Amino acid sequence: MMASGSEIMEESPPRPVQVVEEKMYIAVGKDIKENTSVLIWALRNAGGRKICILHVHEPAQWIRIMGTKFPVSQLEAHHVRAHREVERQEMNKLLQIYKIKCSRAGVVDLLHIEMNSIEKGIVKLINQHGIRKLVMGAAADKHYSKKMPKSKKAIYVREQAPMFCHIWFVCKGQLVHTREGRSEGVSASPNSETGQSRYGRSQSVAELPIDQLKLTSSGPDIRSLSTLSPNDSRGSVDSNEISRSPREASHTSCSSVDMPDVLPLIPVLTIEDHHQFSSPPIVLQEGRTNDELYGQLEQSIAEAETSGLDESKRHRKAEKDAIDAIRRAKASENLYAEELRQRKEVEEALARGKEELKQRKQQLGEVTEELRIALEHKSSLESQIANSERMVEDLKQKMFSAVEKLQKNKKERDELQKEHDNALKEAEELRREKVSVAANRLAPEFFSEFSFSEIVEATSNFDLSLKIGEGGYGNIYKGQLRHTQVAIKMLNSNSMQGPSEFQQEVTVLSKLRHPNLVTLIGACPEFFVLVYEYLPNGSLEDRLCCKDNSPPLSWQTRIRIATELCSALVFLHSCNPHSIVHGDLKPANILLDSNYVSKLSDFGICRILCQNQFSSNNTTPSWITEFPKGTFTYMDPEFLSTGEITPKSDVYSFGIILLQLLTGRPALGIAKEVKYALDKGNLKNLLDPTAGNWPFVQAQQLAHTALRCCEVNRRSRPDLALDVWGLLEQMRVSCGTLPFLIYSEEDCQIPL
């Protein structure tokens, strides 16, 4: 018994605490207030088990934008992702709040999953993690019932959860139903009375009935008491135990759990043998000072004086009690400071969470505003498109009207053009007849006329297998005529050329002979058929393109071909008393024999210029026409613009061919490419690599000469005989190619 009316019961040593390794899982939802009763019940009945918070996050299927709810399926993906991210952040903040509330109970982990069904998510987590102990709500507190669980979620979990899981269903802080698990071992029911108390711990002083603790202290209500070790014969409390941290104290003392913010309390003091007594329970609450502790200390000393102990013993006991009280006060102050620090951290975390939520809401508002602006812009664009479509329709009508007028004007123009062309043709035919009569006065002996039957026999009735080419004049066939292999050119009925071109070629080639001009053997005037010598290596154009996998031409052969072509042009331009302008100089009209000797052909549109035919601004003979003929990429620009053709027109075409021999590239735009390469010093990169290693000095000279020939102003172009032929001949000799003959002016007299 205690002195001064204070009583303390004789208590047996507490039972050893049973160690429970298994975790207890608490299923919580979004409503913290609604789940508090479930959380408190679980903490009170944890039985020493570790606590694990379990939560199933159910994503929202409707999202509110600008005050209106929209289903997820109707929103764009980035809006849904932004809302989902906000939901997950709010879920993490919610779980942290639960964890902080349960921090004194030693929460092991936070277990969560995201599913469209909460009850299915709980069952899935039970299966995945082998959960054997689970506490969850039976229904909302306002639907409290002592009967079976009422909520659909609780009923689903009770029926679908695996049988090894023991589940307690709680409503309004009361256990309303228990689904027993079929696990082996000790029963996990919190109401089991075999070896443990109602709270799953060894029975302690704090858990004994109130009528067994007769305390006379008028102090505040005791929330939690700590028991003394039964091995301490004197009943004193070790100072090391008092100075332990709150976390260590929670493992050495048994206390009932009320709320997460319950404060630890000071243990009861006992005195040895029959003189045992206890000081009033001291509880440190908010606003309590050390003066109250010392008041309790004085009361203890007074009680000790009336107990009959001697003065020295009372003095030692009082000193010891004072020291213990001071230590307990300091420990309580530390615990209270720790509690304040934790509360401050929680408040700061909540403030940060609110700020982040505010920012997220602001971002959502900005995105919503952008969406509204985009929708308005879309509507405006649709209106503009409709207006544009109406304007397009009006323009179509106007265009159709304009096209009708244009067609009418074109028809009238075509009729006038046709009359003009007929007049020109008549004048041209009269001139041709005069030239033909003059040319036929002295026909050379080596020109023959062939009958059409001979032509048919030579071509096996124009067998397509013997066809070797096709040009603007007509088809070309390989044939055997009078035991000689020849090339036969047959006028095509659909050809743009006609009898005038046939007569022009006969007039020129029947009276000229040059090693680099194709030889005209004869003709069939009745059907406008021309018979030439056969050249097996085709045209220069085919060889530059390596047609039919033919080997590429070497740079030596190309220089020799350029020299031969220059010689042929000098020969044509210097004939007396006439100058001949080929007018259609291009690689397709340059043929190669078996030794790759070049032969210029196709004189159908050539012009025979008298030496006394001079233009008003030039000293060279010229011919003016309103309808220039030839191949566009090789035609003299001045000829195209003025219709005036001179020998300098062939010089321009010759320059383009020189550039193609150098580079192997198409004619269109080649002059600009080579000039740019020369200016940048990159000519080597432009040379045709299939020709071999060009001597750079000669290649550079050839490029500069070609660009001079391609000058737009014909007065700036060089003279082939004086400026070009000598340079090319020197190059030909240096590369070791065979020499060839060049005819003098006396050898090319033509009686025209």
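Rules behind the numbers
Residues numbered from 1 in each chain as written. Predicted model: local features only at pLDDT ≥ 70, side-chain atom pairs only at ≥ 80, totals over all residues. Heavy atoms only, no water. Core = buried A, V, L, I, M, F, W, Y, C linked by side-chain atoms within 4.5 Å. Buried < 20%, exposed > 50% of the residue type's maximum accessible area, 1.4 Å probe, protein only. Helix = DSSP H or I, 4+ residues; strand = E, 2+ residues; numbered from the N terminus. Contact = heavy atoms within 4.5 Å. Phe/Tyr/Trp six-rings, centres within 6.5 Å; stacked < 30°, edge-to-face > 60°. Lys NZ or Arg CZ within 6 Å of the ring centre and 35° of its normal. 1 Å grid on protein atoms, 1.4 Å probe; cavity = no way out; pocket = protein on both sides within 12 Å on 5 of 7 lines; lining within 4 Å. Points joined across faces, edges and corners; volume = space filled by probe spheres on them. Nonpolar A, V, L, I, M, F, W, Y, C, P; charged D, E, K, R; others polar. Pairing = 2+ DSSP bridges. Right-handed = clockwise from strand over helix to strand, strands pointing away. Expected span 1.5 Å × (residues − 1). Salt bridge = Lys/Arg side-chain N within 4 Å of Asp/Glu carboxyl O.

(A) Structural context of the nonpolar core. Counting residues in each nonpolar core, the largest one holds 71 residues, and the members touching the most others are L600, F654, V674 and W694. Counting residues per element, this core draws most heavily on helix α12 (residues 555-573), which supplies eleven residues. Apart from the residues lying within four places of it in its own chain, the contact partners of V674 are L659, T663, L683, L686, A703 and L707. Residues V123, I131, A138 and A161 belong to the second largest nonpolar core, which totals 23 residues.

(B) Quick peek at the packing of aromatic side chains. Using the criterion set out here, one finds six aromatic pairs in the structure. A centroid spacing of 6.3 Å and a plane angle of 50° characterise the contact between W41 and W168, whose relative ring orientation is tilted. Of this pair, W41 sits in helix α1 (residues 32-44) while W168 is found in strand β7 (residues 166-171), placing the two residues 127 residues apart along the sequence. Relative to Y477, the ring of F462 has its centre 5.4 Å away and its plane inclined at 65°; by these criteria the two rings are edge-to-face. With F462 in the loop between α9 (452-458) and β10 (467-470) and Y477 in strand β11 (residues 474-481), this pair connects stretches of sequence that are 15 residues apart. Take F462: its relative accessible area is 18%, and that puts it in the buried class. On the basis of relative accessible area, Y477 is assigned to the buried category, the value being 6%. An aromatic cluster of three or more residues is present, and its members are F452, F462, Y477 and F527. The cationic tip of K684 hangs over the ring face of F696; the distance from NZ or CZ to the ring centre is 5.2 Å.

(C) Just empty space enclosed by the protein, in detail. Tallied over the full model, the rule gives nine cavities of 30 Å³ or more. Reported here for the largest cavity is a volume of approximately 80 Å³. Taken together, 13 residues line the largest cavity, and the ones lying closest to its centre are G583, Y634, M635, D636 and S653. Sort the elements by how many residues they give to the lining of the largest cavity and helix α14 (residues 647-663) lands first, with three residues. Considered class by class, the residues forming the lining of the largest cavity number five nonpolar, four polar and four charged.

(D) Focus on the sheet that holds strand β12 (residues 484-491). With mixed pairing, the six strands of this open sheet are ordered in space as β9-β13-β14-β12-β11-β10. Edge positions in the open sheet fall to β9 (448-449) and β10, since each of these has one partner strand only. By the bridge criterion, two bridges tie β9 to strand β13 (residues 520-524) in an arrangement that is parallel. Its bridge partner lying in β13, E449 is registered against A523.

(E) Quick look at the pairing of strand β1 (residues 24-27). Side chains M24 and I26 project from β1 onto one buried face, and the interleaved Y25 and A27 project onto a second face that is buried too. Since β1 and strand β2 (residues 51-57) lie parallel, the crossover through α1 that links them has a hand, and here it is right-handed. Two strands pair when backbone bridges link them, and β1 and strand β6 (residues 133-137) are joined in this way by two bridges, in the parallel orientation. Looking at the pairing, Y25 lines up with L134 of β6.

(F) Highlighting α14. With 17 residues, α14 should cover 24 Å at 1.5 Å per step; its first-to-last C-alpha distance of 25 Å lies within 8% of that length. The buried fraction of α14 is high, at 17 of 17 residues. Positive phi appears at G664, one or two residues downstream of α14, with a value of about 75°.

(G) Geometry of the pattern of salt bridges. Tallied over the full model, the rule gives 23 salt bridges. The partner of E87 in a salt bridge is R84, and the shortest N-O contact between them spans 3.4 Å. Residue E87 and its partner R84 are both found in helix α2 (residues 77-101); the two are separated by three residues, about one turn of the helix. Salt bridges linked by common partners bring D636, E638, E644, R714 and R717 together as one network.

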